[in-house]
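Structural characterization, general
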Amino acid sequence: MAESCAIPGLEPAALARMAAARQVALRRGQGVFQPGQACAAFLVVTAGTVKVSTVTSSGRELLLYRVGAGETCVLTTACLLAEADYDAEGVTETDVTALAIPKPLFEELMALSPAFRRFVFSSYGVRLRELIGLVQEVSQRQVDRRLARFLAERAAGPVELTHQEIAAELGTAREVVSRLLKQFASEGLVEIERRNIIVAAPERLARIAEGV
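Residues numbered from 1 in each chain as written. Predicted model: local features only at pLDDT ≥ 70, side-chain atom pairs only at ≥ 80, totals over all residues. Heavy atoms only, no water.

**Focus on the overall build of the protein chain**
Condition: Segments assigned H or I by DSSP are reported as helices when at least four residues long, segments assigned E as strands when at least two residues long, and all are numbered from the N terminus. Atoms considered for the radius of gyration are the C-alpha atoms alone. The globule rule reads 2.2 Å times the number of residues to the power 0.38. Remark: exposure states derive from per-residue accessible area (1.4 Å probe, protein chains only) relative to the maximum for the residue type, with buried under 20%, exposed over 50%, and partly exposed in between.
Looking only at helices and strands, the protein chain features eight helices and nine strands. Taking 17 Å as the expected radius of gyration for a compact globule of 212 residues, we find that the protein chain reaches 24 Å, considerably beyond that expectation. Taking the principal axes of the C-alpha coordinates as reference, the protein chain spans close to 70 × 30 × 25 Å. Burial analysis of the protein chain (212 residues in total) assigns 36% to the buried set.

**What about empty space enclosed by the protein?**
Over the atoms rolls a probe the size of a water molecule, and in doing so it shows where empty space is left. Keep this limit in mind: Here a cavity means grid points, on a 1 Å grid over the protein atoms only, where a 1.4 Å probe fits yet cannot get out; a pocket means an open set of points with protein on both sides within 12 Å along at least five of seven lines; lining residues are those with an atom within 4 Å of a point. Grid points are joined across faces, edges and corners, and a volume is the space filled by probe spheres set on the points. Any residue outside Ala, Val, Leu, Ile, Met, Phe, Trp, Tyr, Cys, Pro, Asp, Glu, Lys and Arg is labelled polar, Gly included; the first ten of those are nonpolar and the last four are charged.
Considering all chains together, one arrives at one cavity of 30 Å³ or more under this definition. Estimates place the volume of the largest cavity at around 100 Å³. Looking at the largest cavity, the residues that line it are L26, V32, F33, L43, V45, V50, V52, V67, C73, T76, V96 and A98. Counting residues per element, the ones that place at least two in the lining of the largest cavity are β2 (31-33), β3 (41-47), β4 (50-55) and β7 (96-102). Of the residues that constitute the lining of the largest cavity, the class distribution is eleven nonpolar, one polar and no charged.

**Regarding the sheet that holds β7**
Quick note on the threshold: Should DSSP find at least two bridges between two strands, the strands are taken to pair. Lines are fitted to the C-alpha atoms to define the axes, a helix being fitted only along its stretch in contact, and any angle between axes, read from their N-to-C directions, falls within 0 to 180 degrees.
A sheet is described by the order of its strands in space; here three strands give the open sequence β1-β7-β3, paired in antiparallel fashion. A strand with exactly one partner marks an edge of an open sheet, and here the two such strands are β1 (22-26) and β3. Averaged over all adjacent pairs, the angle separating strand axes in this sheet is 35 degrees, with direction ignored. Inspection of the sheet shows β3 paired to β7 by six bridges, in the antiparallel sense. Across the sheet, L43 pairs through a bridge with A100, a residue of β7.

**Considerations on the packing of helix α6 (residues 163-170) against helix α7 (residues 174-186)**
Stated precisely, the cut-off is as follows: Here roughly perpendicular refers to angles of 65 to 115 degrees, roughly parallel to angles under 35, roughly antiparallel to angles over 145, and oblique to all remaining angles. Whether two residues are in contact is decided by their heavy atoms, any of which lying within 4.5 Å being enough.
The contact between α6 and α7 brings their axes to 8 Å, and the two run at 110 degrees. Relative to α7, the element α6 lies roughly perpendicular. On α7, the residues touching H163, Q164, I166 and A167 of α6 are R174, V177, S178 and L181. Classifying every residue of the contact of α6 with α7 gives four nonpolar, three polar and one charged.

**Comments concerning the packing of helix α5 (residues 143-152) against α6**
To keep it simple, the criterion reads: Helix crossings fall into two classes, left-handed where the near helix is turned counterclockwise from the far one by less than a right angle and right-handed where it is turned clockwise.
At a minimum axis distance of 11 Å, the contact between α5 and α6 shows a crossing angle of 110 degrees. Taken as axis vectors, α5 and α6 run roughly perpendicular relative to one another. As α5 packs across α6, the resulting crossing turns out to be right-handed. Along the contact surface, α5 presents R146, L147 and F150, while α6 presents I166, E169 and L170.

**Notes on the side chain of N196**
By the secondary structure assignment, N196 is in the loop between β8 (190-192) and β9 (197-199). Residue N196 is classed as buried on the basis of its relative accessible area of 15%. The contacts of N196, once residues within four sequence positions are left out, are P158, V159, E160 and E191.

**Focus on α7**
Quick note on the threshold: Given the number of residues in a helix, its expected span is that number minus one, multiplied by 1.5 Å.
For α7, with 13 residues, the first-to-last C-alpha span of 18 Å sits near the 18 Å given by 1.5 Å per residue. Every buried residue belonging to α7 is among V176, V177, S178, L180, L181 and F184, and all of these are buried. Residue G188 follows α7 closely and has a positive phi angle near 80 degrees.

Below is the structure:
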């Protein structure tokens, strides 16, 4: 039961119920969960690292986050709370030990223990903020492709929109659009005039939009 200290401040009744939890050991490179799999237990990593990732529509792996010692998996928490299946993959990057709390015990502790609830939701909140940051980062990384597609689709005539109006269409900042347009202009893809944008190389823009 020493691993129960991974969850600080548990009340005596909750500590007693933690006897039903078990310690698991996983080898490096072992799958922890995969898309479509039901979530059977709440895991608290006590040593090692688990990588959680998904596959994008283009077939590339996207790292969502890593779970280290003393941490929990936000996706596991979400699946337990929503009674949903996993939609990402978890794989150990090192040998891992973890405290596995079966789903029925997880639900009991959520009802019984304020300390357990604080631990779960505090961990969930930290991970959620990290994921929001990741979404923003990925969104910014893809702006060049979205802008290229936006311009290629309007190649028939001048694009009579301000940088701010284009930014609003793409859901990004005006400064980002202005910087990318200057880059496109330096590469001969567009010509920037005072009140409009001339698409000079729609085929090349289309290739950028497709990630080619």
